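Overview (structure and organization)
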Amino acid sequence: MEWISLIIDGREVSVPKGLSVLEACRMHDIQIPTLCHDKDLTDYAACRLCIVQIEGMRNLPASCVTLATQGMVIRTGSEAVKDARKTILELLIANHPLDCMTCQKMGNCSLAQYAYEYGVSGDVFQGEKRKRTIDDSNPFILRDTSKCILCGKCVRVCREEQVNGVLDFSSRGFNTQVGPAFDLMYGESECVFCGSCVDVCPVGALTERQMAGKGRPWEITKVQTTCPFCGTGCNFDLNVRAGKVIGVTSNPEAPVNGRMLCVKGRFGFDLIHNPKRLTTPLIKKDGEFVEAGWDEALSLAAQKFTDIINAYGPDAMTALSSAHCTNEENYLMQKFMRAVIGTNNLDHCART
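This section reports on the structure supplied with the text. For clarity, every value in this text was computed on a predicted model and none was experimentally measured. (Residues numbered from 1 in each chain as written. Predicted model: local features only at pLDDT ≥ 70, side-chain atom pairs only at ≥ 80, totals over all residues. Heavy atoms only, no water.)

1. Overview of the sheet that holds strand β1 (residues 3-8)
Heads up, the condition is: Note: two strands are recorded as paired if DSSP finds a minimum of 2 bridges between them. Under the scheme used here, helices are H or I runs from DSSP no shorter than 4 residues and strands are E runs no shorter than 2 residues, and both carry numbers assigned from the N terminus.
Ordered by their spatial adjacency, four strands build an open sheet running β2-β1-β4-β3, and the pairing between neighbours is mixed. Either end of the sheet is taken by a strand with one partner, and the two such strands are β2 (11-16) and β3 (53-54). With two bridges joining them, β3 and strand β4 (residues 73-75) adopt antiparallel strand pairing. Bridge pairing in β4 links I54 to I74.

The structure is reproduced here in structure tokens:
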């Protein structure tokens, strides 16, 4: 690997050849604000917030699309850079609804965080606010295009990682918006409800419907766990508040899936606290299901199994296992059927 030397904020550093200026800075813990950049997506340079000052360049280039070269002298925090970033933020805020107190993204909004860091109040430019109704046609995602900053992250993640291409830009100028083709509602489009667009959205334009009003980020405890829906082994974070799971968010550090999740993994957590979920064994007596203890229920099941095997043989029995169980539980199920019952009559709800 070939390395190059450059100077960032007066410090000489070495980075692998081929990195962007943004990557080179972050490699050495020099933070640069971004709204449209994502390390797993193509560089886009839409927000321009990552601008830096480079000796020999008369403009302030976007660091995410500027290649680091040998001997480059970079300043990331000069007055010119700070003033330009503040102006960019002021322009974004001018058209952005300032309902931060009631926004679901409050406390986890990149735009709000940068506005706080750069002292942006929204008083410099008085722009027209977009007045668009919230699209709640999707059962899992709320879409508020009036808050969209046109960073394009949802478009790219849908196209590049999910390879669905459901989202894109439409119209021009102030009327530009992101959404499905022909201005369809989310719920009427070809969306597969993976939620990746929600995961990458830096503002409150896309939020999880089931978590709306359930809690602020600082009230939530994240517990990393393994998805039980299939045997892939995806990891995600359970969002817990007051001892109750209120949602699921992907974990970029997950070894198997990264931040990618399917609709079941991201939105199928409602069974945890579903009032119809059985938590006590039921035994039918006199044509009615009644609650029973575990010892009674297991003894009855064992006796029924024995009666069937004695009367008709082990192949008279079969078992259907579930993807809601862990791999270990499914292994025990097939082991029980083959080694204890004595039959290979076994199937699984997630087979292909």
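2. Digging into the packing of aromatic side chains
What counts is decided by this rule: Each Phe, Tyr or Trp ring (for Trp, its six-membered ring) is paired with any other whose centre lies within 6.5 Å, and the angle between the two planes then decides the class: stacked below 30 degrees, edge-to-face above 60, tilted in between. We call a residue buried when its accessible area falls under 20% of the maximum for its residue type, exposed when it is over 50%, and partly exposed in between, using a 1.4 Å probe and counting protein chains only. Definition used: whenever NZ (Lys) or CZ (Arg) falls within 6 Å of the ring centre and also within 35 degrees of the ring normal, the charge is taken to sit over that ring.
The full count for this structure, using the stated rule, is four aromatic pairs. With a centroid separation of 5.6 Å and 65° between ring planes, the pair formed by F140 and F193 is classed as edge-to-face. Of the two residues, F140 sits in the loop between α3 (110-117) and β5 (141-143) while F193 sits in the loop between β7 (177-179) and α5 (196-200), which places them 53 residues apart along the sequence. Judged by relative accessible area, F140 falls into the buried class, the value being 19%. F193 gets classed as partly exposed once you look at its relative accessible area, which sits at 21%. Each ring, one from F305 and one from F336, has its centre 6.4 Å from the other, and the planes form 45°; the classification is tilted. Of this pair, F305 sits in helix α7 (residues 294-312) while F336 sits in helix α8 (residues 327-341), placing them 31 residues apart in sequence. One aromatic cluster is present, built from ring pairs that chain together F140, F193 and F267. Over the ring of F174 we find R130; its NZ or CZ atom is 4.6 Å from the centre of that ring. In this structure, R143 is placed above the aromatic ring of Y186, and the distance from its NZ or CZ to the ring centre is 5.3 Å.

By themselves, these are just geometric observations and shouldn't be taken as functional.
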